[in-house]
Amino acid sequence: SGWLNADFEHLSSEGTNMPSLSEVEIQKVLDRTINKESSQRLIIEELPMDLVETVSYPYYLQLFVDLYKIEAHHNISDRLDLLLEFIKKQIYQCSLADEKVDIINAIISISEKNKLFGPVKKNELKNLYPIHLKLAGNYATAYDQLVSFGILSEELTQNQYGILTKFVKIAQRQLYRVLLLQNLIEQNNGIDFSLFQKIDKHYAGSSIHPHLLNLLFELAYKQKKTDVLKNF
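Counting restarts for each chain: residues are numbered from 1 in the order of the written sequence. Totals for whole chains, interfaces and linings use every residue, but because this is a predicted model, local features are given only for residues with pLDDT of at least 70 and side-chain atom pairs only at 80 or more, for both listing and counting. Side-chain measures here rest on the full set of heavy atoms in the structure, leaving out hydrogens and waters.

## Points about the overall build of the chain
To keep it simple, the criterion reads: Only DSSP runs of H or I reaching four residues or more are called helices, and only runs of E reaching two or more are called strands; each is numbered from the N terminus. Note on exposure labels: buried denotes an accessible area under 20% of the residue type's maximum, exposed denotes more than 50%, and partly exposed covers the range between, all computed with a 1.4 Å probe on protein chains only. The contact rule is simple, with two residues in contact once any of their heavy atoms fall within 4.5 Å. Methods summary: accessible areas were calculated by the Shrake-Rupley approach with a probe of 1.4 Å, and residue burial reflects only the protein chains presented.
Check the secondary structure of the chain and you find eleven helices and five strands. For the chain, the proportion of its 232 residues judged to be buried stands at 42%. Counting only contacts in the chain whose residues sit at least 6 apart along the sequence, the fraction spanning at least 24 positions is 57%. Roughly 13200 Å² of accessible area belongs to the chain as shown, and the carbon and sulfur atoms make up 50% of that amount.

As structure tokens, this is what we get:
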């Protein structure tokens, strides 16, 4: 059994894996946190739409509230800033970080290989890491935490012959794209114009193609990569 497609066995004691918040709910949270301590009221309508969509996920909203300062709101000015902070805090700077990074990188690698850009068979992941064996190290705990916090999600599908297969994916498309792009940047030893060309060629015709190029441009701009951007 489950609630909103959340398997109870993966829920943490904090009651994670919550549904998206409405704009009214987000504003209520802002009023009880950021706005409560400031004379300048932060109104959701003033935020970029992509950022509003991102903070509708409760853990992004919590992170946004923790980081946002009315006097220095440029620290988190858009969706990409928040996603990068989320990845840093919820994957790279938390408990079992090494195992979580291994699992996420494996999902991206399998997804890339199969040209699915998303879901992978859970059995393929099991073949690489013991995510299903509680007594075989920390991978099972790391996996459950990733699911519990809504970073990964599971889906059971049935084919025309009635065979059931469990798939796992990075739950949010925008999070998947940023994680994939980080992998590509690492493989390329940084951001340069050749990376734009590689992505443009390798992902041509796929739905993820424009999103990756757009994210890479955003990141290059944020990092003031003028030598790269002048090529445009």
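## A look at the sheet that holds strand β5 (residues 164–170)
How we decide: Paired strands, as defined in this entry, are two strands with at least two bridges between them according to DSSP. Helix axes are fitted only over the stretch in contact, all axes being lines through C-alpha atoms; the angle between N-to-C directions runs from 0 to 180 degrees.
Across the sheet, three strands lie side by side as β3-β5-β4; this open sheet has antiparallel pairing. Bordering the open sheet on either side are β3 (120–121) and β4 (152–158), each of which pairs with just one other strand. As judged from the two bridges shared by β3 and β5, these two strands associate in the antiparallel manner. Within β5, the position partnered with Lys-121 by the bridge is Phe-167. Against the sheet, helix α5 (residues 97–114) makes contact with β3, β4 and β5, and its axis sits at roughly 110° relative to β5, the strand it touches most.

## Re helix α3 (residues 58–67)
With respect to burial, α3 is a largely interior element, seven of its ten residues being buried. Buried within α3 are the following residues: Pro-58, Tyr-59, Tyr-60, Leu-61, Leu-63, Phe-64 and Val-65. If you follow the buried residues of α3, they end up packed against α1 (23–32), α2 (49–55), α4 (79–92) and α8 (173–187).

## Details of the pattern of salt bridges
Here is the rule we go by: The salt bridge definition used is simple: a Lys or Arg side-chain nitrogen within 4 Å of an Asp or Glu carboxyl oxygen.
Counted according to the given criterion, the structure contains eight salt bridges. Of the charged contacts in the structure, one is a salt bridge between Arg-79 and Glu-218, with a shortest N-O distance of 2.7 Å. Taken as a pair, Arg-79 in helix α4 and Glu-218 in helix α10 (residues 209–222) lie far apart in primary sequence, 139 residues in all. Glu-218 shares its class with Arg-79; the two are buried. Taking the shortest distance from any N to any O, the salt bridge between Lys-230 and Asp-227 comes out at 3.9 Å. The same class applies to Lys-230 and to Asp-227, which are both exposed. A cluster of three or more residues bridged by salt bridges with shared partners is formed by Asp-50, Arg-79 and Glu-218.

## Looking at a nonpolar patch on the surface
Let me state the cut-off plainly: Within this analysis, patches are made of residues with over 30% relative accessible area and no salt bridge. Like charges are joined at 9 Å or less; nonpolar side chains (Val, Leu, Ile, Met, Phe, Trp, Tyr) at 5 Å or less.
On the surface, a cluster of nonpolar side chains totalling about 370 Å² of accessible area is made up of Phe-217, Tyr-221 and Phe-232. Examined against the element boundaries, Phe-232 turns out to sit in the segment after α11 (226–229). Under the relative-accessibility criterion, Phe-232 is labelled exposed at 56%.

## Considerations on the nonpolar core
One recurring pattern in soluble globular proteins: nonpolar side chains tend to sit buried together. What counts, and what does not: Note on terminology: a nonpolar core comprises buried Ala, Val, Leu, Ile, Met, Phe, Trp, Tyr and Cys residues joined through side-chain atoms within 4.5 Å.
Ranked by internal contacts, the top residues of the largest apolar core, which has 65 residues, are Phe-64, Ile-103, Leu-152, Ile-170, Leu-175 and Ile-199. The element best represented in this core is α8, accounting for eight residues. Leu-175 has contacts with Tyr-60, Leu-83, Phe-86, Ile-87, Ile-151 and Ile-170, leaving out every residue within four places of it along the chain.

## So, the pairing of β4
Sheet topology note: the β4/β5 ladder contains seven bridges and is antiparallel. Bridge pairing in β5 places Thr-157 opposite Thr-165. Between β4 and β5, which pair antiparallel in sequence order, lie five residues; one of them, Gly-162, sits at a positive phi of approximately 85°.

## A word on the environment of Ala-97
By the element assignment, Ala-97 lies in helix α5. As a C-alpha pair, Ala-97 and Ala-142 span 45 residues in sequence and 8.0 Å in three-dimensional space. Sequence-distant contacts of Ala-97, that is, excluding residues within four places in its chain, are made with Ile-91 and Tyr-92.

## Examining the confidence of the model for the chain
Rules: Per-residue confidence from the predictor is reported as pLDDT, which spans 0 to 100.
Here the chain shows a mean pLDDT of 84. Residues at 70 or above account for 89%. This stretch, residues 1–6, has a pLDDT under 50; its non-local contacts, to residues over four places away or in other chains, come to ten contacts. Residue range residues 10–16 is modelled with pLDDT below 50. Its contacts to residues more than four positions away, or to other chains, number 15 contacts.

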